[in-house]
Amino acid sequence: MIPLLIARNTFREATRDRVLAGVVVAGLALLALTQAASSLAMGEGRRFTVDLGLSGISVLGLLVILLTGTSLVAKEVERRTIYNLLSRPITRPAYLVGKWIGFSATLWSVALLLGLALWGLVVLRGWGGHGLAVLEAVYLAGLELSVITALAVMFSALSTPVLSALYTLGFYMVGQWSYDLRMLAEKLPKELGSLVAVIANLVPNLPLFNMRTLAAEGTTTTWLHLALASGYAAVYVACVLCLATAAFESKDFK
Amino acid sequence: MSPLATVDSRRRRFLAAWAGALVLGTAAFTLAAAAWRTLPHPHPLEELSYYPSGRFLEPATLGHAATAADLAWLRAVQYYGQHRATDNQFVRMAHVFDILTTLDPSFLPAYFFGAFALAQEGRDFPAAERLMLKGLAANPTSGPLAFQMGFLYYVRPGGRDLRRAAEYFERASRQLDGPPESARFAAFCRQNAGELEVACELWARVERTSPNRYLREIAQREQARIREAVERGRREQAMRRLTTPVVLLKRQT
Amino acid sequence: MQTSVASIADRQATGHPAAGQTVPDPGLAVCVRGLSKHYVHSWTLRVTRGLDALDLDVRRGEVMGLLGPNGAGKTTTLKLLTGLLKPTHGRAWLMGEPVENTASRRSLGFLPEQPYFYDYLNGVEYLELAARLSGMQAATARDRAHHWLGRVGLGERPRLGLRKYSKGMLQRLGLAAALVHDPELLVLDEPMSGLDPFGRRDVRDLITEQRERGVTVLFSSHILPDVEMLCDRVAIMMGGRLTRVATVGELVEDGAQAVEIRCAPGALLEIPRHWAGLVSRTQRAGESVFRLEDEAQLGEVLGWLLQAGVPVRAVTPQRPTLESLFLAAAEAERERRQA
């Protein structure tokens, strides 16, 4: 119950922030732009629209996380608004979980809004066969953003907004290369390969949530993929929030 | 009394959080490993293959086209190795090397590797030829590029193009950074293409300019051979019968 | 004061009370034993004692004031009680619950110093959130939010965004947030801060009202007249340590009553040697003033003045104020530290 109260408050905070409105407008503008530019794509208009639309959702979502999500907790600590919450009968884990739920809900709203707009565009343009693949890709993009949000909440609980943004961005970038790291680990000598494999597992496995190219080709993915991605996202998020809790539990608010 | 009863609730939450993190982390590790094993890996060149041209990609690199080319090069080599080891299907290779060399037209190894991979394993000589011509257009004074172009024609699967090979070997020999063996290769190709008079002149140049005594002796010998064949009216005696190049692709074990 | 807490001797022997083996007196709203907070610098490892071995009891229904200069440890104490800081040593209980348990904050209303709020909310939304986080149901929370917003004088514009609130309005809102869920214990850090005299009067009235309802109030303040007016007892802290706990009456009675004798100007009398240090003289425009440090000598001194023919105009007892005691205590602490 308490996490949901905090989540509702966090959602309210995020949706009343002008950054979010700007991002939604930018996303819709990007979709409009794809239509204007698709005639220049030499017959690849459909691919262009779907790929840019899906990339837009991910990139704009990441932007929202870096601008707003990474100061979710840090800003409250800085401004001391957190005193009003933690002096009430709520546990620190409940507070962090609530923050994550609220901000994730915000990002899912944005992803769904832009995703439905993209799906609508695809259907209107007569590319209805791509519709399901687009929806699957939007779902995976939402999972990806939830995972990155968990990292942002953790870093925000431990550090300043600027450093949190840098750490989150760093994990995002290395996470995009996690498959390359795994391939590299297989080719390296045993000890070094093990170290690289550990890094590949510490960072989020973001390629698992990427079916943008498949969607651009109109290819749906398997239930196994969706199940593995959903399970992995749930478990990774829970793990990160546990770590955040462990660190936050012993934090003093001077 | 349980040991946990003596620990205050804050510390209990702290320990529970760490325990949770370890268990969930292990679960995440397991799921990620399962995904790695069971799901198809994203095609390493997928993110490049949809761009109609490198021309559209370059602005997106925000001034880092050369770096993007380097990363694309890594992917391309990986792609080649992966398919060379498995199905020997190189469907996207021409497109990707085209993008690579558009991003960084001075990246010579991309032309060398790409052209030979296309011609041999890719079985697409016209694509290889186009790539090398693109390279020469972007780097007109490059001796190594001209030399490799000559060599490409020399090893063309299904039939060597000795005239064109010679043409490019000669071009390479005229460049400042041309490999020293360019003139010799040009002479050899002209000779075996039947252009004995031109070959003779080229051998004479090799004899005049080569610092290597052995090579000078070869040049003298070939000139004598040509002169003798021409005097006898048996030009074919100065020409060697060369094998027809083929591509043999075996799955690596 | 009867408690079943481990004796101070035991605590000193073990360093701090053993966890789980102490139960505070149920008559106490706040019970603190050996509470310490030390800060260790990350690089130099230098230890700064924010709070040192505090023992303090606050009875249920009592109003206690926490006095001390800046850096005395007042805010540290309040934050330790409300779970914002973790103690280095010692334990504390609120309404019988250890402060490490979230249950200890169920009946707690806390007002931090210079409170900040979510500027994207309005007054009603904020109070509703505060009430629900303290365990109230949605409908009740909404009613209480409206009630308390009006009670602190902010009810005319309930939908006004908090970013438009003045400092005084924010202070009132903070107080309302501390009271919205009908707590049994109020912990207020500088509740009068930022308020004009009318605001301070309203806060005093609120505190008095809560006391009459049986709510325990523990607050820190620099405004000593307010402390004198409101508090049953006062705890004086200096340099992270508790130096004195007593009623205001006890504190001022402790001070020896001085007397000021105003006389006509030009009374050039030599003060007898045996009264050196006891009687002093100052010249003011239009009069001479003799100050007698101990009123017990008043009769003798007056007799001496009258015998010398000095016209006495007025005899005024100098009742020590809390401020003067406080300043004296601060000076004594400073000397102790220098020694």
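So, how was this worked out
- Residues numbered from 1 in each chain as written.
- Chains lettered and ligands numbered in written order.
- Predicted model: local features only at pLDDT ≥ 70, side-chain atom pairs only at ≥ 80, totals over all residues.
- Domains from an automatic or database assignment.
- Contact = placed C-beta atoms within 7 Å.
- Helix = DSSP H or I, 4+ residues; strand = E, 2+ residues; numbered from the N terminus.
- Nonpolar A, V, L, I, M, F, W, Y, C, P; charged D, E, K, R; others polar.
- Buried ≥ 20, exposed ≤ 12 C-beta atoms within 10 Å, placed from the backbone.
- pLDDT = per-residue confidence, 0-100.

Undergrad: Describe the domain arrangement of chain C, and please don't skip the residues or the numbers.
TA: When the domains of chain C are assigned, the result is domain 1 (8–253) and domain 2 (256–318). One C-alpha centre belongs to domain 1 of chain C, the other to domain 2 of chain C; they are set 46 Å apart.

Undergrad: Describe in detail the interface of chain A and chain B, supporting the description with residues and values.
TA: The partner chain B presents 24 residues to the 31 residues of chain A that form the contact. A total of 14 residues in the side of chain A that touches chain B trace back to one element, the largest contributor, which is helix H12 (residues 223–249) of chain A. Considered class by class, the residues forming the side of chain A that touches chain B number 17 nonpolar, nine polar and five charged.

Undergrad: Let's hear about the interface of chain C and chain A: which residues, and what values?
TA: The interface of chain C with chain A comprises 25 residues on the first partner and 21 residues on the second. Counting only elements with at least two residues in the side of chain C that touches chain A, the list comes to strand E6 (108–111) and helix H3 (123–133) of chain C. Here the side of chain C that touches chain A gets four residues from one element, more than from any other, and that element is H3(C). When its residues are assigned to classes, the side of chain C that touches chain A shows 15 nonpolar, five polar and five charged.

Undergrad: Give me the lowdown on unusual backbone geometry, citing residues and values where you can.
TA: Residue and element names in this part refer to chain C. For Met95, which is not glycine, the phi torsion reads 50 degrees and is therefore positive. Relative to the helices and strands, Met95 resides in the loop between strand E4 (89–94) and strand E5 (97–98). With 21 C-beta atoms packed within 10 Å, Met95 lands in the buried category. The phi torsion at Glu190 lies on the positive side, around 55 degrees, for a residue other than glycine. By the element assignment, Glu190 lies in the loop between strand E7 (185–189) and helix H6 (197–212). Note on Glu190: 21 C-beta atoms within 10 Å, which makes it buried.

Undergrad: Residues and numbers for the confidence of the model for chain C, please.
TA: Residue and element names in this part refer to chain C. Per-residue pLDDT for chain C has a mean of 84; in total, 89% of the residues score no lower than 70. Long-range and interchain partners of residues 1–21, a stretch whose pLDDT sits below 50, account for 32 contacts in this model, where long-range means more than four residues apart. Complex prediction metrics read pTM 0.74 and ipTM 0.83.

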